[in-house]
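A structural walkthrough
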Amino acid sequence: VQLQASGGGLVQAGGSLRLSCAASGRTFSNLGMGWFRQAPGKEREFVAASSWSGGRTYYSDSAKGRFTISKDNSGNTGYLQMNSLKPEDTAVYYCAADISNLRARATMRATYDYWGQGTQVTVSS
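Residues numbered from 1 in each chain as written. Predicted model: local features only at pLDDT ≥ 70, side-chain atom pairs only at ≥ 80, totals over all residues. Heavy atoms only, no water.

1. So, the pattern of salt bridges
To be explicit about the condition: For salt bridges, the criterion is a side-chain nitrogen of Lys or Arg within 4 Å of an Asp or Glu carboxyl oxygen. What counts as a helix is a DSSP run of H or I of at least four residues, what counts as a strand is a run of E of at least two, and both are numbered from the N terminus. Buried, partly exposed and exposed residues are distinguished by accessible area as a fraction of the type maximum, computed with a 1.4 Å probe on protein chains only: under 20%, between the cut-offs, and over 50%, respectively.
What the rule picks out here adds up to four salt bridges. When the shortest N-O distance is used, the salt bridge between aspartate 89 and arginine 37 registers 2.9 Å. Note that aspartate 89 is positioned in the loop between strand E8 (77-82) and strand E9 (91-98) and arginine 37 in strand E4 (residues 32-38), a separation of 52 residues in sequence. Exposure remark for aspartate 89: the relative accessible area of 1% places this residue in the buried category. Each member of the salt-bridge network shares a partner with another, and the members are Arg37, Glu45, Arg66 and Asp89.

Laid out in structure tokens, this is it:
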């Protein structure tokens with residue numbers, strides 16, 4: 001499975017961005033998806049995750065109420081809608097896929113089997 005993240009960019013505080021993650025190659029019918037981010041000098045941290053059906057979603061405290069994760073399973077694409085962005089949201093955002101559909105903890109990096117290359121999000125104050 002190859003994951004291609006896109007949609008990052010430069011936005012002012014309070015603005016919005018929608019990140020996309022396209023899966024290609026051998027796609028599994030039960031693929032859970034997660035989004036993580038890594039700011040300079042910091043560890044990669046969990047942002048949001050969704051089971052294959054979208055019936056289970058998970059968010060970090062910082063993402064709750066501002067970010068929404070969704071999936072278009074027909075197109076093998078996942079999305080992260082980010083609203084009310086803050087300068088502290090500045091980071092490289094990575095999408096990840098779990099072939100076990102998030103049977104393990106969705107917030108843990110080790111849960112995921114495949115990772116995209118990352119897309120830069122910069123929020124100016």
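2. Describing the state of the cysteines
Disulfide: a covalent bond formed between the sulfur atoms of two cysteine residues. Filter applied, for reference: Cysteine sulfur atoms are paired as a disulfide whenever they come within 2.5 Å of each other.
Under the defined criterion, the tally for this structure stands at one disulfide. The partner cysteine of cysteine 21 in its disulfide is cysteine 95, sulfur to sulfur 2.1 Å. The sign of the 65° torsion about the S-S bond sets the cysteine 21-cysteine 95 disulfide as right-handed. Of the two residues, cysteine 21 is situated in strand E3 (residues 17-24) and cysteine 95 in strand E9; the sequence distance between them amounts to 74 residues. Under the relative-accessibility criterion, cysteine 21 is labelled buried at 0%. Classification of cysteine 95 as buried rests on a relative accessible area of 0%.

3. Things to note about unusual backbone geometry
With the exception of glycine, the majority of residues adopt a negative phi angle, and the majority of peptide bonds are in the trans configuration. Despite not being glycine, asparagine 101 shows a phi value in the positive range, around 55°. In the Ramachandran plot, leucine 102 falls in the positive-phi region, its phi being about 65° despite a non-glycine side chain. Within the secondary structure, leucine 102 sits in the loop between E9 and strand E10 (114-115).

4. Quick look at the pairing of strand E11 (residues 119-124)
Applicable threshold: Two strands form a pair only when DSSP identifies at least two bridges running between them.
Where burial is concerned, the two faces of E11 differ: the one with Thr119, Val121 and Val123 is buried and the one with Gln120, Thr122 and Ser124 is not. Two elements, strand E2 (residues 9-12) and E11, share four bridges in a ladder whose sense is parallel. Among the inter-strand pairings, valine 11 is bridged to a residue of E11, identified as valine 123. In the sheet, E9 pairs with E11 via three bridges, with the strands oriented antiparallel. Bridging across to E11, valine 92 finds its partner in glutamine 120.

5. A closer look at the nonpolar core
In summary, soluble globular proteins display a tendency toward joint burial of nonpolar side chains. What counts here: In plain words, nonpolar cores are sets of buried Ala, Val, Leu, Ile, Met, Phe, Trp, Tyr and Cys residues tied together by side-chain atoms within 4.5 Å. Any pair of residues with heavy atoms lying within 4.5 Å of one another is described as a contacting pair.
By size, the foremost hydrophobic cluster in this structure holds 26 residues, and its most contacted members are Trp35, Val47, Phe67, Leu80, Met82 and Tyr93. Secondary-structure elements contributing two or more residues to this core are strand E1 (2-6), E3, E4, strand E5 (45-50), strand E7 (67-72), E8, E9 and E11. Those residues in contact with leucine 80 that sit more than four places away from it in its chain are Leu17, Arg18, Leu19, Trp35, Val47, Ala48, Phe67, Thr68, Ile69 and Tyr93. Formed by seven residues, the second largest nonpolar core is a distinct cluster that contains Phe36, Phe46, Ala96 and Tyr112.

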